[in-house]
Amino acid sequence: MSNPADNKSLAELLKQMALANQSSEPAAVPEKKLEDYKFWKTQPVPNFNEQVSKEGPIENKTVKDIPLEPYPLLDLFEWADDLDLTRDDHRDEVFQLLYENYVEDADSTFRFKYTTEFLDWALKPPGYKKEWHVGVRVKATGRLIGFIAGTPCDLKVREQLVKSVEINFICVHKKLRSKRLAPILIKEVTRRVNLQGIFQDLYTAGVVLPSPVSVCRYNHRPLNWSKLYDIGFSYLPENATKTQMIAKYTLTKEGKLNGLRRAELKDFDQIFALLQKFQERYELVQDFTRDELKHWLFGNVDLQDKVKVIHTFVIEDEAEPGKITDFFSFYLLPFSILDNEEHSELGCAYLFYYATDCDENQAALKRRLTDLIGEALIIAKSLGVDVFNCVSCQDNNLFLQDLKFGQGDGILNYYLFNYKAKAINGGLDSQQKVDYDTVSKVGVVML
Ligand SMILES: CCCCCCCCCCCCCC(=O)SCCNC(=O)CCNC(=O)[C@H](O)C(C)(C)COP(=O)(O)OP(=O)(O)OC[C@H]1O[C@@H](n2cnc3c(N)ncnc32)[C@H](O)[C@@H]1OP(=O)(O)O
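Overview of the structure. (Residues numbered from 1 in each chain as written. Predicted model: local features only at pLDDT ≥ 70, side-chain atom pairs only at ≥ 80, totals over all residues. Heavy atoms only, no water.)

1. Looking at the overall build of the chain
Secondary structure assignment for the chain yields nine helices and 20 strands. The C-alpha atoms of the chain give 22 Å as radius of gyration, which agrees with the globular expectation for 447 residues (22 Å, within 12%). Counting only C-alpha atoms and orienting by the principal axes, one finds that the chain spans roughly 60 × 50 × 45 Å. Buried residues in the chain amount to 56% of all 447 residues. Put simply, of all contacts in the chain between residues at least 6 apart along the chain, 77% involve residues at least 24 apart. Of the roughly 19,900 Å² that the chain leaves accessible, carbon and sulfur atoms contribute 48%. Averaging the positions of the 56 positive and the 66 negative side-chain charges in the chain gives two centres separated by 3 Å. (Helix = DSSP H or I, 4+ residues; strand = E, 2+ residues; numbered from the N terminus. Rg over C-alpha atoms; globule rule 2.2 N^0.38 Å. Buried < 20%, exposed > 50% of the residue type's maximum accessible area, 1.4 Å probe, protein only. Contact = heavy atoms within 4.5 Å. Areas by Shrake-Rupley, 256 points an atom, 1.4 Å probe, with all protein chains shown as cover. Lys, Arg positive; Asp, Glu negative; His and termini not counted. Charge placed at Lys NZ, Arg CZ, Asp CG, Glu CD.)

Structural data, given as structure tokens:
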């Protein structure tokens, strides 16, 4: 989209709420210095603008160095050591905490509509550890007021394989903010991960911390402009009419690509091979095991399409039946809309992994990806999605403009814990705007 202003309010909303993970602050120009970060200056993270000559761990510890006892909490609180996300009641507690506190919407008008299916998919990939779902309860009432989650996530940083986890979903109850609970949650999850012999971590945040290895920007493609307008997400640019806006974002009912169908488990080997090959172009990728990728792309295959979280599609070569040439995937995480008589839910899709065997040249790749993700938009629309989001990672910059994605205000900073690496291109220019003439070197997609 050439003029992103027409869905600025949507971008702002997603920035504020959608991932509680975004911020409009420019990440490259930190307002604070490392010394100003009372907690982070004590952690093995690189300084801002540090020149990295040799990539690798910052400190070297072994399991023997790690305390066996949990970090002490104020007497009011206790670690939720029983937290077990296979239990419905415990999943409900995490759901409640996130539902009420993860989202930062001043008017409490919009809330993440986490489902059991979403939490299962996001928090319980193969090899997940119950003890990496770290909770804090109020001793007197048993109420869960803090949470942070680690999930297995080995990485490849340039040529180096890095045994690692991903940390996400840190949340402290609104009434208990600014009381330094977050650093304790972080230290405790670090301790528990370290005890398994893992000393590195990938995480993303909207806030600027010392020190991002990469920075990406959010992009939003309205699929149901009139609904976004009705609920105050999108506004009407001065020189346009509603009809023009609706027309601008109207998609064809059918895509262009032959051989498109939902991915099936029998396609998995080819999908795995395609992704591995395609991701060789990036400098930061997740080093998936087969089971992990199966989980992330298929989730629970028995679920009905309506409640599926992750949707994966393939292109089967018509000339060579059974041969998969491309795949793409996206996940759904809707919002509840409160206090609106007409609309109760906002459907949001997030682009996930994709790959193609098209490797002729950049122009052909651009055409192919535009067609592929164009199909994703049409399918998402048919599933009731109102807005389709992605960041400037992978090769997304190649199709954003042609597919009418608007550049959002939200920035996503990528961090590596206890690992120094040279900066990795997140697809932005020096002003942190999407650079449509280049592609990022970030291949990993974060929830
Ligand atoms: C090897 C294994 C390693 C594993 C761990 C690796 C690291 C993982 C790191 C976690 C990756 C998580 C990825 C995601 O989940 S990103 C999603 C973040 N979650 C939300 O935005 C939900 C709504 N917000 C909240 O629940 C609270 O505001 C949170 C919990 C975010 C902070 O609570 P609170 O507002 O009550 O503050 P405090 O007084 O307790 O603590 C203040 C300290 O916390 C630093 N802070 C603030 N926000 C973040 C943030 N998003 N990542 C890291 N640090 C953050 C802040 O700079 C300050 O430190 P310093 O400035 O003094 O130094």
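2. Quick word on the side chain of Gln200
Within the element layout of this structure, Gln200 appears in strand S9 (residues 200-205). We classify Gln200 as buried; its relative accessible area is 11%. Polar contacts involving the side chain of Gln200 include one to the main-chain carbonyl oxygen of Asn418, which spans 2.6 Å. Aside from chain neighbours lying at most four places away, what touches Gln200 is Pro57, Val162, Lys163, Ser164, Val165, Phe417, Asn418 and Tyr419. (Polar contact = N/O pair within 3.5 Å; in protein donor to acceptor, adjacent residues only side chain to side chain.)

3. A word on helix H4 (residues 181-194)
Helix length check: H4 (14 residues) gives 20 Å between terminal C-alpha atoms against 20 Å at 1.5 Å per residue, within 8%. Within the sequence span of H4, burial applies to Leu181, Pro183, Leu185, Ile186, Glu188, Val189, Thr190, Arg191, Arg192, Val193 and Asn194. Against the buried residues of H4 lie strand S2 (77-79), strand S4 (133-138), strand S5 (144-152), strand S8 (164-172) and strand S19 (406-417). (Expected span 1.5 Å × (residues − 1).)

4. Focus: a positive patch on the surface
A grouping of Lys32, Lys38, Lys41 and Arg180 is seen on the molecular surface, where their side chains present a positively charged patch. Checked against the element boundaries, Lys32 lands in the loop between helix H1 (8-18) and strand S1 (56-57). (Patch = residues over 30% accessible without salt bridge, like charges linked within 9 Å, V, L, I, M, F, W, Y side chains within 5 Å. Salt bridge = Lys/Arg side-chain N within 4 Å of Asp/Glu carboxyl O.)

5. A few points about the site of the ligand
The full set close to the ligand counts 36 residues, and Phe39, Ser178, Arg180, Ala182 and Asp201 are the nearest of them. Here an oxygen atom of the ligand and a backbone polar atom of Val172 are 2.9 Å apart. Interatomic distance of 3.4 Å between a backbone N/O atom of Lys179 and an oxygen atom of the ligand. Relative to its unbound accessible surface of 1,200 Å², the ligand loses 90% to contact with the protein. If you list the elements that add at least two residues to the shell around the ligand, you get S8, H4 and S9. It is H4 that provides the largest number of residues to the shell around the ligand, a total of seven residues. Residue composition of the shell around the ligand, by class: 21 nonpolar, eight polar and seven charged. (Near = heavy atom within 4 Å. Nonpolar A, V, L, I, M, F, W, Y, C, P; charged D, E, K, R; others polar.)

6. Considering unusual backbone geometry
In this structure, Ser211 follows Pro210 across a cis peptide bond, with omega equal to -10°. Residue position: Ser211 is located in the loop between S9 and strand S10 (214-222). Non-glycine residue Ser178 carries a positive phi angle of around 60°. Examined against the element boundaries, Ser178 turns out to sit in the loop between S8 and H4. Here Ser178 falls in the exposed class, since its relative accessible area comes to 77%. Positioned with a positive phi, Gln432 is a non-glycine residue whose angle comes to about 65°. Note that Gln432 resides in the segment after strand S20 (419-420). Taking the relative accessible area as the measure of exposure, Gln432 reaches 8% and is therefore buried.

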